[in-house]
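# Results of the structural survey
Given next are the chains, with one letter for each unit.
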Amino acid sequence: ELKGIVFVIQSQSNSFHSKRAEDLKRDILKQAVDLGKELPTVLLIHQIDRHEGAWTILPLMTDFSVTYGRNSSWIFFCEEDTRIQVIKLVETLRRFDKSKEWFLGKALYDEESTIIHHYAFAENPTVFKFPDFAAGWALSIPLVNKLAKKLKSEPLKSDFTIDLKHEISLYIWQKGEGPHLTPVPEFCTDDMNSYKVDHCATTFSNFLPLCGEPVNKEDVFVAVKTCRKFHGDRIPVVKQTWEREAALIEYYSDYADISIPTIDLGIPNTDRGHCGKTFAILERFLNHTSPRTPWLVIVDDDTLISIFRLRKLLSCYDPNEPVFLGERYGYGLGTGGYSYITGGGGMVFSRTAVQKLLASKCRCYSMDAPDDMVLGMCFSGLGIPITHSPLFHQARPMDYPKDYLSHQIPVSFHKHWNIDPVKVYFTWLAPNTEESSKGKKVGYNREDL
């Protein structure tokens, strides 16, 4: 029965992430050997490189159907930090009739309709369930075959991939004609050391990655994009919250205000995208900061970020690699397209990545083009994959399911709309003494915000 499960790990080609995925693959295969079972197939998404959009899963359904449609029972998807008790997973899947169409996972739902799901199910968003990828999720082969057949006749329509777990669920649900997600209590996101996990087939490591000492404060240069009309309301929030965590920080505007101070890059503010401004910041970082500063972070003036946590996270990445890190979105991935880091949650660049980008001559097609999408296009053209971290957030805490955030130590949130941003920062992002001293997850008082 184990050999009837195809394991698919949502891996990435960055060296830190690919090693974590390889470790998980080894662990799955070792458990199979220890059980005296025939080895299952374990696939790493980043090695399926025929598709720029392999990470969005659906474009792979045809391949899965052709390759595994006859001799397998389940495709089981997980993240690199998902931990799997193989014997319990086999026992859990055995409860479901593999000849039927099943979509299994740990259910998440929106408590209120949210912008990241295009305000879907506005009347009652709690009715629509979608899987928490961290807990692992599974498709039965009959459902994989059905999806592959559907994709042949009706190619993917959506231009944007914003929240993959929700979009996959919508596609499978087919406006009520396909299966709903079936919640499986054995798919868990509790930490493996928790007393709650005795019944769990999967668990999730929910600490902030730390691969040695956090990078030095002086290793991170922070660029804040602002404009004159927001100097009075947004910049004071930055100064009240996370500015003190940054050793090197500059504010870039369309107006030089010495009280902040801001730097006028000579690029007028635009209402649409800020491509011209962002490329000017990249040029400035390369030419006017110490070449010994390996990391650049570009944030909006309404981004709330923990530089303290980011420095821990960056200890896991090699700045000699071209690293472009943040929350990944996709554009047109069903038909070629590219992935990009969405700007509001913060975009992190290694100096090496900035050097390669600016040497390439890839630039804005207009000054008010969307900077994050142009960067995605450029890096895609250079063959430099972007690196996704779910700890960066394009929206506010209330825009995500509570259960999804409960196993995260977030690095950023974005937007001040209808919230108290200072309160959000101190509830979700501010370093406290326990976290500072032990590097462990701490219990926050995350009251409803």
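On a predicted model such as this, the values are computed, not experimentally measured, just so you know. (Residues numbered from 1 in each chain as written. Predicted model: local features only at pLDDT ≥ 70, side-chain atom pairs only at ≥ 80, totals over all residues. Heavy atoms only, no water.)

### Quick notes on the state of the cysteines
- Scanning all chains against the criterion turns up four disulfides.
- Disulfide pairing is shown between Cys-211 and Cys-316; the S-S distance is 2.1 Å. The sign of the S-S torsion, about 90°, decides the handedness of the disulfide formed by Cys-211 and Cys-316: right-handed. Of this pair, Cys-211 sits in the loop between β11 (202–204) and β12 (220–225) while Cys-316 sits in the loop between α8 (307–314) and β17 (324–326), and the two are 105 residues apart along the sequence. (Disulfide = S-S within 2.5 Å. Helix = DSSP H or I, 4+ residues; strand = E, 2+ residues; numbered from the N terminus.)

### So, a nonpolar patch on the surface
- On the surface, Ile-115, Tyr-119 and Trp-417 cluster together into a nonpolar patch covering about 340 Å² of accessible area.
- One can find Trp-417 in the loop between β22 (412–414) and α12 (421–428).
- On the basis of relative accessible area, Trp-417 is assigned to the exposed category, the value being 52%. (Patch = residues over 30% accessible without salt bridge, like charges linked within 9 Å, V, L, I, M, F, W, Y side chains within 5 Å. Areas by Shrake-Rupley, 256 points an atom, 1.4 Å probe, with all protein chains shown as cover. Salt bridge = Lys/Arg side-chain N within 4 Å of Asp/Glu carboxyl O. Buried < 20%, exposed > 50% of the residue type's maximum accessible area, 1.4 Å probe, protein only.)

### Some points on the packing of aromatic side chains
- According to the stated counting rule, one finds 23 aromatic pairs in the structure shown.
- Relative to Phe-76, the ring of Phe-7 lies with its centre 5.9 Å away and its plane at 70°, an arrangement referred to as edge-to-face. Taken together, the residues Phe-7 in strand β1 (residues 5–10) and Phe-76 in strand β3 (residues 74–79) connect sequence positions 69 residues apart.
- With relative accessibility at 0%, the residue Phe-7 sits in the buried group.
- Assessed through its relative accessible area of 0%, Phe-76 is described here as buried.
- Ring geometry for Phe-413 and Trp-428: centres 5.6 Å apart, planes at 75°, overall edge-to-face. Taken together, the residues Phe-413 in strand β22 and Trp-428 in helix α12 connect sequence positions 15 residues apart. (Phe/Tyr/Trp six-rings, centres within 6.5 Å; stacked < 30°, edge-to-face > 60°.)

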